[in-house]
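Observations on the three-dimensional arrangement
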Amino acid sequence: MQFYTRSKILLRQILGHELKAEVELYCKTFNAGDWAFSPIGINSSSVIFSAGTANDIRFDKSLINSFACNVHAFDPNPKWIDWIRAQRTPPEFHFHPFTIGNADGTVRLREDAVEVPAKRVQTVMSELGVEAIDILKMDIESAEYEVIDDILDSGVPVYQLLVEFHHRFKNVPIEKTKSVLEKLSAAGYRIFHISEKYREFSFIHEQTYYRHVDESLNGLIPKSCAVRSA
């Protein structure tokens, strides 16, 4: 399966239908519900946004189980709203029945052609009293491009960005993904994981990452050593 998948991706790359992106920063990586994130700098005080849950909250529950942090999950689809509300979820799991978009108002769902409520990341942060996001995971059916543009234009501090890109959709040209990769790179984000099918990309803000690394290392230095080296 892995050989077949890799061969298929290679052919698509040769034909210009797939990205030729590579990992740019190597760091410790964990897997949560098939999403890769870095545990560096993640703790019980971290703020996690999970946009687009459908009927799969393994990512959300895994982060909660591992770090006891608060996870805010978003999905506007009525059938998934009912499904999530029927689940037994920990108190750190907070579900919001709307989608993340690049404007406050309503949007039309691609798969069901129904109007649903939408809010900008900045609006949600203001309502929750959140100043920064440690991990933002997005699987929002091709709306990720406009949301990323909105985040970068607004200067919203996001440490890690986990995104499923949708240039496999007929109405989403691969140039759209290439463009957003360039914008993320210019903003200081580096790719640290790409899924086997080249759909899910994990980005980390390089400067923030190294700040967390320095903080972790400083915490390991015995006080006596720190005094002697001062």
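Note that the coordinates shown come from a computational prediction; the quantities given were computed from them, not determined experimentally. (Residues numbered from 1 in each chain as written. Predicted model: local features only at pLDDT ≥ 70, side-chain atom pairs only at ≥ 80, totals over all residues. Heavy atoms only, no water.)

1. Side note on the overall build of the chain
Selection rule: Each helix corresponds to a stretch of at least 4 residues labelled H or I by DSSP, and each strand to a stretch of at least 2 residues labelled E; elements are numbered beginning at the N terminus. Buried residues are those whose accessible area, probed at 1.4 Å on protein chains only, stays under 20% of the maximum for their type, while exposed residues exceed 50% and partly exposed ones sit between those limits. By definition, residues are in contact when any of their heavy atoms lie within 4.5 Å. Working definition of accessibility: Shrake-Rupley area with a 1.4 Å probe, residue cover restricted to the visible protein chains. This count recognises Lys and Arg as positive and Asp and Glu as negative, with His and chain-terminal groups excluded. The atoms used to mark charge sites are NZ of Lys, CZ of Arg, CG of Asp and CD of Glu.
Scanning the chain for helices and strands turns up 8 helices and 12 strands. Projecting the C-alpha coordinates of the chain onto the three principal axes gives extents of approximately 65 × 45 × 35 Å. Looking at the 230 residues of the chain, the share that counts as buried comes to 46%. Once local pairs closer than 6 in sequence are excluded, the contacts in the chain between residues at least 24 apart make up 61%. About 12,300 Å² of surface is accessible on the chain, with carbon and sulfur atoms providing 51% of the total. Here the chain carries 26 positive and 31 negative side-chain charges, and the mean point of each set is 4 Å from the other.

2. Side note on the packing of helix 5 (residues 144-154) against helix 6 (residues 174-186)
The description of two packed helices rests on the angle between their axes and on the distance between the axes. Defined as follows: In this analysis an axis means a line fitted to C-alpha atoms, helices contributing only their contacting stretch, and an angle means the value between N-to-C directions, from 0 to 180 degrees. Oblique is the label for any angle not covered by the other classes, which are roughly parallel (under 35 degrees), roughly antiparallel (over 145) and roughly perpendicular (65 to 115). Each crossing gets its handedness from the near helix: less than a right angle anticlockwise from the far helix is left-handed, clockwise is right-handed.
Axis separation between helix 5 and helix 6 bottoms out at 11 Å; the angle between their running directions is 20°. Overall, the two elements helix 5 and helix 6 adopt an arrangement that is roughly parallel. Relative to helix 6, the crossing made by helix 5 is left-handed. Across the interface between the two elements, Tyr 145, Glu 146, Ile 148, Asp 149 and Leu 152 of helix 5 pack against Lys 176, Thr 177, Val 180, Lys 183 and Leu 184 of helix 6.

3. Remarks on the pattern of salt bridges
The test is simple: Only one rule defines a salt bridge in this text: a Lys or Arg side-chain nitrogen within 4 Å of an Asp or Glu carboxyl oxygen.
Following the criterion strictly, the structure yields 9 salt bridges and no others. Residues Glu 146 and Lys 176 are paired through a salt bridge, measuring 3.2 Å at the closest nitrogen-oxygen approach. Residue Glu 146 is located in helix 5, and its partner Lys 176 is located in helix 6; the two are separated by 30 residues in the primary sequence. According to the relative accessible area criterion, Glu 146 is partly exposed, its value standing at 29%. A salt bridge links Arg 190 to Glu 206; the shortest N-O distance between them is 3.1 Å. Here Arg 190, found in strand 11 (residues 189-194), pairs with Glu 206, found in helix 7 (residues 206-220); they are 16 residues apart in sequence, far enough to count as distant. Beyond isolated ion pairs, a larger network of salt bridges with shared partners links Asp 34, Asp 56 and Arg 58.

4. Some details on the packing of aromatic side chains
Convention followed: In this analysis, rings of Phe, Tyr and Trp, with Trp reduced to its six-membered ring, are considered paired at centre separations within 6.5 Å, and the interplanar angle assigns stacked below 30 degrees, edge-to-face beyond 60, and tilted for intermediate values.
Under the counting rule described, the total for this entry stands at 10 aromatic pairs. Both rings, one in Phe 165 and one in Phe 201, keep their centres 5.6 Å apart while their planes meet at 70°; by these two values the pair is edge-to-face. Here Phe 165 is found in the loop between strand 10 (158-164) and helix 6, whereas its partner Phe 201 is found in strand 12 (residues 200-205), with 36 residues between them in sequence. The exposure class assigned to Phe 201 is buried, which follows from its relative accessible area of 0%. Aromatic pair Tyr 198 and Phe 201: ring centres 6.0 Å apart, planes at 90°, arrangement edge-to-face. Of the two residues examined, Tyr 198 and Phe 201, each falls in the buried class.

5. Quick word on the confidence of the model for the chain
Condition: Scored between 0 and 100, pLDDT is the confidence that the predictor attaches to each residue.
Residues at a pLDDT of 70 or more form 92% of the chain, whose mean pLDDT is 89. Note that pLDDT drops below 50 for residues 223-230; the model gives that stretch 1 contact with residues more than four away or on any other chain.

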